[in-house]
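# Residue-level structural notes
As a plain string of letters, each chain reads:
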Amino acid sequence: MQGVFFRNGPGRFELGGERYHHWFDGDGFAQRWQIRDGKVSHLGKFVTTQKFVAEQKVGQFLYPTFGTHITRAGVKNNDTINAANTNLLPFEGRLYALWEGGSATEVDPETLETRGLTTWRDDLKSMPFSAHPKVAADGSLWNFGALPGRDQLALYHLKRDGTVANFGVVMVPNLAMVHDFVISAAHLIFLVAPFDVKPDPNRSFLDMHRWTGTGPQAQPMRVVVVAKADLQIRQIFELPPRMSFHLGNAFDDGNTTRFDAVLHEGDPLRELGSLMRGELQKNDPKSASTVQITLDYSSKKATEARLFGVSEFPRVMPHVVGARHHRLAVLGTSPGSKDAILNAVHLLNTDSGKADSYHFDAGWQVEEHVLVPRPNARSETDGYLVGVAQHVAKRETVLTVFDAARISAGPVALAHLPYRAPHCFHGNFLSV
Ligand SMILES: [Fe+2]
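Residues numbered from 1 in each chain as written. Predicted model: local features only at pLDDT ≥ 70, side-chain atom pairs only at ≥ 80, totals over all residues.

### What about the overall build of the protein chain?
Counting its secondary structure elements, the protein chain contains 2 helices and 32 strands. A globule of 432 residues ought to have a C-alpha radius of gyration of about 22 Å, and the protein chain, at 20 Å, matches this closely. Expressed along its principal axes, the backbone C-alpha trace of the protein chain runs to roughly 55 × 50 × 45 Å. Going through the 432 residues of the protein chain one by one, you find that 47% of them count as buried. Excluding contacts between residues fewer than 6 apart, the proportion of contacts in the protein chain whose partners are at least 24 apart in sequence is 54%. (Helix = DSSP H or I, 4+ residues; strand = E, 2+ residues; numbered from the N terminus. Rg over C-alpha atoms; globule rule 2.2 N^0.38 Å. Buried ≥ 20, exposed ≤ 12 C-beta atoms within 10 Å, placed from the backbone. Contact = placed C-beta atoms within 7 Å.)

This is the structure in structure tokens:
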């Protein structure tokens, strides 16, 4: 196994004695784990965004973030407050630190020095570009940007050279925060949770979201299907009200499309804020689950089948994105655990529902694990499951490598850091 595991997450939550209120607020800290000839090296660096540099200079937070309303300096456009803190994506020789509210920030793949903002086309400057792009089998990249206050969903299709193959905007009434999406051969699929979003200069982006999924007037969760061919909405389906951050993969199957998603009961946006006060959520088996949703274009009905209980961070092998898949990697909680700490990795068989699982010992928590194929892999278990685990009390950070065919056998390799690295949201493995 040779390559670089690129990861990103919020690394700075406090400045000048002031602390952010939400997990999504911190400034991006990019990390690279290089695996070469059986040796591992690690490097981490803050993404020096406009926001980071300006705040560092005065030793104080200046700008509003996702969940903390700070207004010490004016906001010119989305990139004034770009935290570049959600994902790190290698694409055709370049590396991008991603944040869903503004532009991709290019970072040097070797040194992690920040190169600057990326504008894909002159008229798309500072447009939202989500942190969950999908690279299709042909090597092109699909992405979206959500503009909830304006009910607009921007859609991007980039060629391998980074030029824009197609761009479009669709109107989605009552659009709320959309964090992730999936692509199939012919479609782009979005889940829109029931929130009322009212732009308000006196509130954080989080506080502009009001949950409308409970009570007699409860609104549904919508599945918005866009046709890749013309970037127009093909159909909108309705499901019971839930919230979703992350989706797995989608594939078209006759007159249906099937895709997996992690669905959360209620409004988890606010609960994630309590983490910042050290308050852990209870490990409630009813709080979240991974499901496979079938969209039937003839009957206009969406149905869901439960794949797994409490879980998050779904990933598939890169070579099956948009095509029929049979395996989905997720994190989970240990059944006996009182708190909702992710401390298990599972490789789900999406056909049978069976899980190949590994539970870490008490005290460990795990970050997203990604599937990495062996060269010329013949199946979705012909490769590795790679991630990071942290022991908070012992202040240990470790790179974990599982054989994707035998997760329950435990890690086949571990690389311990001599220090603790900030917790990341997302990353991608670039094989060399
Ligand atoms: Fe995410």
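Next comes the rest of the account.
### A look at the sheet that holds strand β29 (residues 383-391)
Judged by pairing direction, the sheet is antiparallel, and its 4 strands sit side by side in the order β28-β29-β30-β31 without closing on themselves. What marks the edges here is a single partner per strand, and that holds for β28 (364-373) and β31 (413-416). For this sheet, the mean inter-axis angle between neighbouring strands, taken without regard to orientation, is 20°. Across 8 bridges, β29 lies against strand β30 (residues 396-403) in antiparallel orientation. Counted as the bridge partner of Val386 is Val401 from β30. (Pairing = 2+ DSSP bridges. Axes fitted to C-alpha atoms, helices over the stretch in contact; angles between N-to-C directions.)

### A word on the pairing of strand β22 (residues 288-296)
As defined by bridge partners, strand β21 (residues 256-264) adjoins β22 across 9 bridges and the pair is classed as antiparallel. In the strand pairing of β22, Arg258 is matched with Thr294. Relative to strand β23 (residues 301-308), β22 runs antiparallel, the two being bridged by 7 bridges. What sits directly across from Asp296, in β23, is Lys301. Linking β22 to β23, which pair antiparallel, is a turn of 4 residues; within it Lys300 sits at a positive phi near 60°.

### Here's the deal with the nonpolar core
Counting 116 residues, the largest nonpolar core has Ile189, Phe190, Val192, Val223, Val345 and Leu385 as the members making the most contacts within it. Setting aside residues up to four positions removed in sequence, Val345 forms contacts with Ala329, Leu331, Tyr358, Val366, His369, Leu385, Gly387, Phe402 and Ile407. (Core = buried A, V, L, I, M, F, W, Y, C linked by C-beta atoms within 7 Å.)

### A closer look at helix α1 (residues 50-58)
All of the buried residues along α1 are Lys51, Phe52 and Glu55. Along the axis of α1, the buried residues cluster in a sector spanning 95°; they form a single face. In α1, the exposed positions angled more than 90 degrees off the buried face are occupied by Val53 and Lys57. Along its buried surface, α1 packs onto β2 (14-15), β4 (27-36) and β5 (39-46). (Arc of directions from axis to C-beta.)

### Some remarks on unusual backbone geometry
In the Ramachandran plot, Ser126 falls in the positive-phi region, its phi being about 60° despite a non-glycine side chain. Here Ser126 lies in the loop between β9 (114-117) and β10 (134-135). Even without being glycine, Lys300 reaches a positive phi, approximately 60°. Tracing the backbone through its elements, the reader meets Lys300 in the loop between β22 and β23.

### Remarks on the sheet that holds β10
Strand order across the open sheet formed by 4 strands is β10-β11-β12-β13, with antiparallel pairing between neighbours. Of all strands in the sheet, those with a lone pairing partner are β10 and β13 (164-171), marking the two edges. As paired strands, strand β11 (residues 141-147) and strand β12 (residues 152-158) are joined by 7 bridges and run antiparallel to one another. In the sheet register, Asn143 faces β12, and the bridge partner there is Tyr156.

### Describing the pairing of strand β24 (residues 311-315)
Of all 5 residues in β24, 4 are buried; the element is thus mostly enclosed. As judged from the 3 bridges shared by β24 and strand β25 (residues 327-332), these two strands associate in the antiparallel manner. Each bridged residue has a counterpart across the sheet, and for Ser311 the counterpart in β25 is Gly332.

### Topic: the environment of Pro285
Assignment of secondary structure puts Pro285 in the loop between α2 (268-274) and β22. Distance from Pro285 to Thr333, taken between C-alpha atoms, is 9.3 Å for residues 48 residues apart in sequence. Every residue in contact with Pro285, bar those within four places of it in the chain, is listed here: Gly309 and Val310.

### Looking at the environment of Leu275
Relative to the helices and strands, Leu275 is located in the loop between α2 and β22. Looking at Leu275, the number of C-beta atoms within 10 Å reads 13, which means it is partly exposed. Once the C-alpha coordinates of Leu275 and His22 are considered, the two residues, 253 residues apart in sequence, prove to be 7.6 Å apart.

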